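Coordinates in review
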Amino acid sequence: MPHDQTISEADYARLLTVRTRLRRFEHWSAEQASEHGLTSSQHQLLLAVRGHPEPAGPTIGQVAEYLLIKPHSAVELVDRTQRAGLLTRYRDSDDHRVVRLRLSTDGAHILAALTSVHIDELGRLAALVESMIGTLAAGDEVREQSADARRTP
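Computed from a predicted model, the values in this text were never measured in an experiment.

**Regarding the packing of helix H2 (residues 40-51) against helix H3 (residues 60-67)**
When two helices pack together, you describe them by how their axes are tilted relative to each other and by the distance separating the axes. Axis separation between H2 and H3 bottoms out at 10 Å; the angle between their running directions is 120°. The pairing of H2 with H3 is recorded here as oblique in orientation. Classified by chirality, the crossing of H3 by H2 is right-handed. Facing H2, whose interface residues are Gln44, Leu45, Ala48 and Val49, H3 presents Val63, Tyr66 and Leu67. When its residues are assigned to classes, the contact of H2 with H3 shows six nonpolar, one polar and no charged.

**Digging into unusual backbone geometry**
The residue Leu68 is not glycine, and still its phi comes out positive at about 60°. Along the chain, the position of Leu68 falls in the loop between H3 and helix H4 (71-83). Taking relative accessible area as the criterion, Leu68 reaches 77% and is therefore assigned exposed.

**Let's talk about the packing of H3 against H4**
Two elements in contact, H3 and H4, have axes whose closest approach is 9 Å; the angle formed by their N-to-C orientations is 105°. Relative to H4, the element H3 is oriented roughly perpendicular. Of the residues in H4, those touching H3 at Ile60, Val63, Ala64 and Leu67 are Pro71, Ala74, Val75, Leu77 and Val78. Of the residues that constitute the contact of H3 with H4, the class distribution is nine nonpolar, no polar and no charged.

**Concerning the pattern of salt bridges**
Scanning the model with the defined rule gives seven salt bridges in all. One salt bridge in this structure joins Arg21 and Glu121, with 2.3 Å as the shortest N-O distance. Residue Arg21 is found in helix H1 (residues 9-35), and its partner Glu121 is found in helix H5 (residues 105-151); the two are separated by 100 residues along the sequence. The partner of Arg97 in a salt bridge is Asp95, and the shortest N-O contact between them spans 2.9 Å. Among the charged side chains, a salt-bridge network with shared partners connects Arg21, Glu121 and Arg124.

**With respect to the packing of aromatic side chains**
Here a ring pair, both rings aromatic, is described through the centre-centre distance and the interplanar angle of the planes. If you walk through the whole model with that rule in mind, you get one aromatic pair. A cation sits over an aromatic face here: Arg102 above Tyr90, 3.6 Å from the ring centre.

**Things to note about H3**
Residues spaced three or four apart along an α-helix point in a common direction, a consequence of the helix completing one turn every 3.6 residues. Taken together, the buried positions of H3 are occupied by Ile60, Val63, Ala64 and Leu67. The buried residues of H3 all sit within an arc of 105° when viewed along its axis, so they share a single face. The inward-facing, buried residues of H3 abut H2, H4, strand S1 (87-91) and strand S2 (99-103). Trailing H3 by a residue or two, Leu68 shows a phi angle of about 60°, which is positive.

Rules and cut-offs
- Residues numbered from 1 in each chain as written.
- Predicted model: local features only at pLDDT ≥ 70, side-chain atom pairs only at ≥ 80, totals over all residues.
- Heavy atoms only, no water.
- Axes fitted to C-alpha atoms, helices over the stretch in contact; angles between N-to-C directions.
- Helix = DSSP H or I, 4+ residues; strand = E, 2+ residues; numbered from the N terminus.
- Parallel < 35°, antiparallel > 145°, perpendicular 65-115°, else oblique.
- Left-handed = near helix turned anticlockwise from the far one by under 90°.
- Contact = heavy atoms within 4.5 Å.
- Nonpolar A, V, L, I, M, F, W, Y, C, P; charged D, E, K, R; others polar.
- Buried < 20%, exposed > 50% of the residue type's maximum accessible area, 1.4 Å probe, protein only.
- Salt bridge = Lys/Arg side-chain N within 4 Å of Asp/Glu carboxyl O.
- Phe/Tyr/Trp six-rings, centres within 6.5 Å; stacked < 30°, edge-to-face > 60°.
- Lys NZ or Arg CZ within 6 Å of the ring centre and 35° of its normal.
- Arc of directions from axis to C-beta.

Structure follows, in structure tokens:
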């Protein structure tokens, strides 16, 4: 938003609503993971493995990028999650120096259960965000019209 535009009280209130709702979603998501015996980070790791576009599976470096963590932190997370029986490491068939990750059967089942409830909740969150964006866009239009009116003699 350019510096010369006025930010309304309603803009601040809408932004607060969206940010609060995002934090509630994160909190809710962590509770859902906990009910399945996972930490929030383990849930995100399973999702990073399953959502990775290459059929061979991601490397630890790739999941570190997805999770916005350092590779050594990703190794520790993978170690804990592998000990829990939720994923496995294996050597890449084309380059045996590369270690890839895949979900175990248990990891896939838990992730499917979590994903199902998350899709529903994200639908509700998306509807809120879309309505907020529409309201913000309408506010931008009103501000532009008001600015145009002030500039027109």
